Amino acid sequence: MLAGRRAAVSQLLGVCAGAAACYWVYRLIAGAGRRRRDSGSGGGGGGGGKPGSLIDRVSGISPRAAARPDNVPQSAGDLKPHHIKKLLEIVATSSDTSLRELALVSLCNSAAFSVNQDLIRNLDGIRVIGEALSDLNSEVKVKALNTLNNLSMNVQNQKLIKDFLHGVCEMITSAALNSELQLAGLRLLINMSVTNSHHNHFIDYISFFLTLLAEGNRYTQIHASKVLVNLSANPSMAAPLLHSKGSSLLNALFDSCVHTDILSRVLRFAANVSENLESAHNCNGHYDENSLHTLLFGDSALLKMNLSSLSEHPEVEVKEQAARLIQSSK
């Protein structure tokens, strides 16, 4: 009985997530109600024993409303406050992992709409979703990260999401290289690093971002490079960046054979840092032999040998960033 009820809720939540075909919603709801009646299922789990009562609790949509299509949200943007509140309750209290995943997917889709970004925050949703990051199930963590990523498009939301940045960074460092969990975490960090407001939360993890840039696959490299470009655009981050330990493999990225999406961002990152070298020297001019400064700007840096050829690269973005780097290095 419980499994059947969960299945019915899961199907409805799936519709909330992608929510297009109302007709099939009604068929699913009505079919679930008939199955419960045919099997003689009673109350339980707070359902009160009424057909469709669990669905009512989650969505506020009664099977009796099947004759009125306008009662059913047709997209994630149509979810009402009571829908979102119920979804947050599932995330916070349900012991069903698959149900929490579906609820998070629905919340993620709804958070793509600016009006829902405020609504979720006002319902204490950021705390609820942030706490889901400690779930033992990696898929739940991924869905929570994706939801926070959409919510982070709102400046007011970022002020609350920042409290989870340390945990997200720790999660990325312990996640398998190139895993979806790692990528989901990086996507959130990209949004959270667009402005300078939260850069101090990233300082202890710069070396790890540099490792991902050097050793990850193409997707991981692109994500890590976006974070590093955002950090390097902040002059006050120049010193932490230059003092961070870097991988010797980084120099291999400054090559015309490297994919343009990566090469252009690596050059932009290096040019940003190079343009702030003087201010960083004023803070602390001593650099270890494994520091990013030594790797990029030391006497034996391979970067110097590659810049002239990169300035003739056929891609405009690569050419422009190489020219910036050459100019700032003079």
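- The name that an unreviewed UniProt entry assigns to the chain is Armadillo repeat-containing 10, with the source organism given as Pelobates cultripes.
- Within the UniProt record for the chain, the comment given under Subcellular location (unreviewed entry) is "Mitochondrion outer membrane".

## Some details on the nonpolar core
- Judged by nonpolar contacts, the single largest core of 80 residues is most densely connected at I129, L189, F209 and L267.
- Per element, the largest residue contribution to this core is 8 residues, and it comes from helix α15 (residues 260-275).
- Among residues more than four places away in sequence, those in contact with L267 are F254, L307, L310, V318, Q321, A322 and L325.

## Comments concerning the packing of aromatic side chains
- Going through the model one piece at a time under the given rule, you end up with 1 aromatic pair.
- Aromatic pair F202 and F209: ring centres 6.3 Å apart, planes at 50 degrees, arrangement tilted. Judged on exposure class, the residue F202 and its partner F209 are both buried.
- The cationic tip of R218 hangs over the ring face of Y219; the distance from NZ or CZ to the ring centre is 5.9 Å.

## A closer look at the packing of helix α13 (residues 218-232) against α15
- One way to put it is that α13 packs onto α15 with a least axis distance of 9 Å and a crossing angle of 25 degrees. On the basis of the axis angle, α13 is roughly parallel to α15. The handedness of the crossing between α13 and α15 comes out as left-handed. For the pair α13 and α15, contact is made by R218, Q221, I222, S225, K226, L228, V229 and S232 and by D261, I262, R265, R268, F269, N272 and V273, respectively.

What counts, and where the lines are drawn
Chains are numbered independently. Their residues run from 1 in the order of the written sequence. Given that this is a predicted model, residues contribute local features only at a pLDDT of at least 70 and side-chain atom pairs are listed and counted only at 80 or more, while totals for whole chains, interfaces and linings are drawn from all residues. For side-chain calculations, the full set of non-hydrogen atoms in the structure is used, while hydrogens and water are omitted. UniProt positions are given in the numbering used here, feature names are shortened, and annotations may be inferred rather than shown by experiment. Among buried residues, the Ala, Val, Leu, Ile, Met, Phe, Trp, Tyr and Cys ones that are joined through side-chain atoms within 4.5 Å form a nonpolar core. Categorising residues by exposure relies on relative accessible area from a 1.4 Å probe, with only protein chains included: less than 20% of the type maximum marks a residue as buried, more than 50% marks it as exposed, and the intermediate range marks it as partly exposed. In this text, helices come from DSSP runs of H or I with a minimum length of four residues, and strands from runs of E with a minimum of two, each type numbered from the N-terminal end. Throughout, a residue-residue contact means that at least one pair of heavy atoms, one from each residue, lies within 4.5 Å. Pairing of aromatic side chains here covers Phe, Tyr and the six-membered ring of Trp, requires ring centres within 6.5 Å, and sorts the geometry by plane angle: under 30 degrees stacked, over 60 edge-to-face, intermediate tilted. Charge-over-ring contacts are defined here by two conditions on Lys NZ or Arg CZ: a distance within 6 Å of the ring centre and an angle within 35 degrees of the ring normal. Throughout, an axis means a line fitted to C-alpha atoms (over the contacting stretch in the case of helices), and angles, computed between N-to-C directions, take values from 0 to 180 degrees. Roughly parallel covers angles under 35 degrees, roughly antiparallel covers those over 145, roughly perpendicular covers 65 to 115, and oblique covers all other angles. Put simply, a crossing is left-handed when the front helix is turned counterclockwise from the back one by less than a right angle, and right-handed when it is turned clockwise.

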